[in-house]
Amino acid sequence: MADAPANDAPYRIINGVDFGEGVLVQPFTNLYGCRVGDETRIGPFVEIQRGVTVGARCKIQSHSFICEGVEIEDEVFVGHGVLFINDRRPRATTEAGTLQTAEDWPLQRTVIARGAALGSGAVILGDVHVGESATVGAGAVVTRDVPAGATVVGNPARALAAERRVDS
Amino acid sequence: MADAPANDAPYRIINGVDFGEGVLVQPFTNLYGCRVGDETRIGPFVEIQRGVTVGARCKIQSHSFICEGVEIEDEVFVGHGVLFINDRRPRATTEAGTLQTAEDWPLQRTVIARGAALGSGAVILGDVHVGESATVGAGAVVTRDVPAGATVVGNPARALAAERRVDS
Amino acid sequence: MADAPANDAPYRIINGVDFGEGVLVQPFTNLYGCRVGDETRIGPFVEIQRGVTVGARCKIQSHSFICEGVEIEDEVFVGHGVLFINDRRPRATTEAGTLQTAEDWPLQRTVIARGAALGSGAVILGDVHVGESATVGAGAVVTRDVPAGATVVGNPARALAAERRVDS
């Protein structure tokens, strides 16, 4: 692993990231305390938080946010503006009225298995497993596990049915 | 009030903002003409426009956009990628074909009351009141008022019903 | 055409863009290989990719992503956080397991006709035509053509029906 991506670009913040070989990171990114596998590409306006693992040969597209607790296996496509969640009942403050810290909620874990694709604008709730080669449609809000190879769409996301035409 | 946050960070644009004590502002932010209360934290890739008030001990997470006309009370959680709206019928130009200016539409007002939580990816239309300690689910599109303590989900957002399982 | 916008701003990346007269570009933008017409305004945290044409007197609001294959005619409003798509079946890698390149999928084309408005948080799938002066509601996921003058809302987007109240 290396401590820098394979390319150079302005306006990047990279702190304590382990990079594989040939990783490309675009401008306007905020990456810290995570691992990124070989040949993966990360677009602009992306944040990846501490403890995240991103596999090899993934594409993480612009405007996406990957939070602590998320593991992305190899060859996963994360579309533009995809948002992950790791807190089932987010609040700004504790019942005592002080700002919550990481100790104040149980961290949810999410796994996106090898070869899956998350469409642009998808929102992935915590404690979700998206199976191998599954497809999450653009704009879907994923609230439960997605079986390997399945396609889900909508809010909340459900298996693709005949009445839902994704193409025109 | 101070004219700078309590921390330092690169790639920030801060113009004419009134900050309370202990405010933390992450990199890649564009804040102007707004007020931010004590101990509030603002994530990266956030824009907050002129005239906005954000209360004390709030968390404004990454990729969110808070427009003119919005008031956020104390201890509110604004998730990642949350979008506010202040224009009921947005158009680029007037009927005369010239670019619209602020005088060309009535500014809608939105209030997020104390202790509420807006899930990641939520879209909040204008002229909406989200009540105290209410919860807006991730990815919800809020088109009308949310009562205090209520939870709404979906597009358009409705009160959480049994058929909608937020957890898996 | 000029090779720079009419204003100055920090933290912009502009490579090979043709600008009309009086174009304003905000900070934190990533624009390359595209054309932008007279008097159009582009907000912060926006990416516009190679080959895109944006017409005159448009507003492209913050956090939006406009991909290759998209043509935006004159006087179009693109809200905040709007996402376009140009790939029907996105995957990170080919069946051989190597990273996909532009040659590995058919580029979809999308046209947003003159005077249309795309609400904040809308997701526009590929191969879609949004007609003249049409309105796409905030948070809508557009999967098929939108007729001129029509209003669509929801996920998937459908023509606005009486049961859906956009205002409160």
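Residues numbered from 1 in each chain as written. Chains lettered and ligands numbered in written order. Predicted model: local features only at pLDDT ≥ 70, side-chain atom pairs only at ≥ 80, totals over all residues.

Student: How do you make sense of the overall build of chain A when you look at a structure like this?
Tutor: Looking only at helices and strands, chain A has 0 helices and 21 strands in total. Contacts in chain A between residues far apart in sequence, at least 24 positions, make up 15% of those at least 6 positions apart. (Helix = DSSP H or I, 4+ residues; strand = E, 2+ residues; numbered from the N terminus. Contact = placed C-beta atoms within 7 Å.)

Student: Can you walk me through the relation of the copies chain A and chain C in this structure?
Tutor: Between the two chain copies there is a screw-like relation: a rotation about an axis and a shift along it. The transform that puts chain A on chain C rotates by 120° and translates by 0.0 Å along the axis, for an RMSD of 0.0 Å. Look at the turn and shift together and you get a three-fold axis relating the two. Comparing contact sets, just 20% of the residues at the interface of chain A also lie at the interface in chain C, consistent with a heterologous contact between different surfaces. (Least-squares fit on C-alpha atoms with pLDDT ≥ 70 in both.)

Student: Looking at this structure, how should I read the relation of the copies chain C and chain B?
Tutor: If you rotate chain C by 120° and push it 0.0 Å along the axis, it lands on chain B with an RMSD of 0.0 Å. An overlap of only 20% is found between the interface residues of chain C and their copies at the interface of chain B, pointing to separate contact surfaces.

Student: Any chance you could explain the sheet that holds strand β5 (residues 35-36) of chain B here in plain terms?
Tutor: Two modes of strand pairing occur in sheets, parallel and antiparallel, and in both the strands are linked by backbone hydrogen bonds. Residues and elements named next belong to chain B. With parallel pairing, the 6 strands of this open sheet are ordered in space as β2-β5-β8-β11-β14-β17. The two strands at the open ends of the sheet, each matched to only one other strand, are β2 (18-19) and β17 (129-130). As paired strands, strand β8 (residues 53-54) and strand β11 (residues 70-72) are joined by 2 bridges and run parallel to one another. Within β11, the position partnered with Val54 by the bridge is Ile72. (Pairing = 2+ DSSP bridges.)

Student: In this structure, what is going on with the interface of chain A and chain C? I would like to understand it.
Tutor: Reports of interface size often rely on the accessible area that becomes lost once the parts have come together. If you look at the interface, chain A gives 30 residues, while chain C gives 28 residues. Counted by class, the side of chain A that touches chain C contains 12 nonpolar, 11 polar and 7 charged residues. (Nonpolar A, V, L, I, M, F, W, Y, C, P; charged D, E, K, R; others polar.)

Student: Would you mind going over the interface of chain C and chain B with me for this structure?
Tutor: Of the residues lining the interface, 30 residues belong to chain C; the matching set on chain B comes to 28 residues. Within the side of chain C that touches chain B, the residues separate by chemical class into 12 nonpolar, 11 polar and 7 charged.

Student: I tried to follow the sheet that holds strand β12 (residues 77-78) of chain B on my own but got confused; where do I start?
Tutor: Residues and elements named next belong to chain B. The 8 strands are arranged β3-β6-β9-β12-β15-β18-β20-β21 in an open sheet whose pairing can be described as mixed. Edge positions in the sheet fall to β3 (24-25) and β21 (158-159), since each has one partner strand and no second. As defined by bridge partners, strand β15 (residues 117-118) adjoins strand β18 (residues 135-136) across 2 bridges and the pair is classed as parallel. Bridge assignment links Leu118 to a residue of β18, and that residue is Val136.

Student: Please explain the confidence of the model for chain A as it appears in this structure.
Tutor: Chain-level statistics for chain A give a pLDDT mean of 94 and a share of 95% at 70 or above. Complex prediction metrics read pTM 0.95 and ipTM 0.94. (pLDDT = per-residue confidence, 0-100.)

Student: Please clarify how the nonpolar core should be interpreted in this entry.
Tutor: Inside soluble globular proteins, nonpolar side chains tend to come together where they are buried. Formed by 153 residues in total, the largest nonpolar core has its most connected members in Val136(A), Val142(A), Val136(B), Val142(B), Val136(C) and Val142(C). Excluding residues within four positions of it along the chain, Val142(B) makes contact with Ala122(B), Val123(B), Ile124(B), Leu125(B), Val128(B), Val136(B), Val152(B) and Ala157(B). (Core = buried A, V, L, I, M, F, W, Y, C linked by C-beta atoms within 7 Å. Buried ≥ 20, exposed ≤ 12 C-beta atoms within 10 Å, placed from the backbone.)

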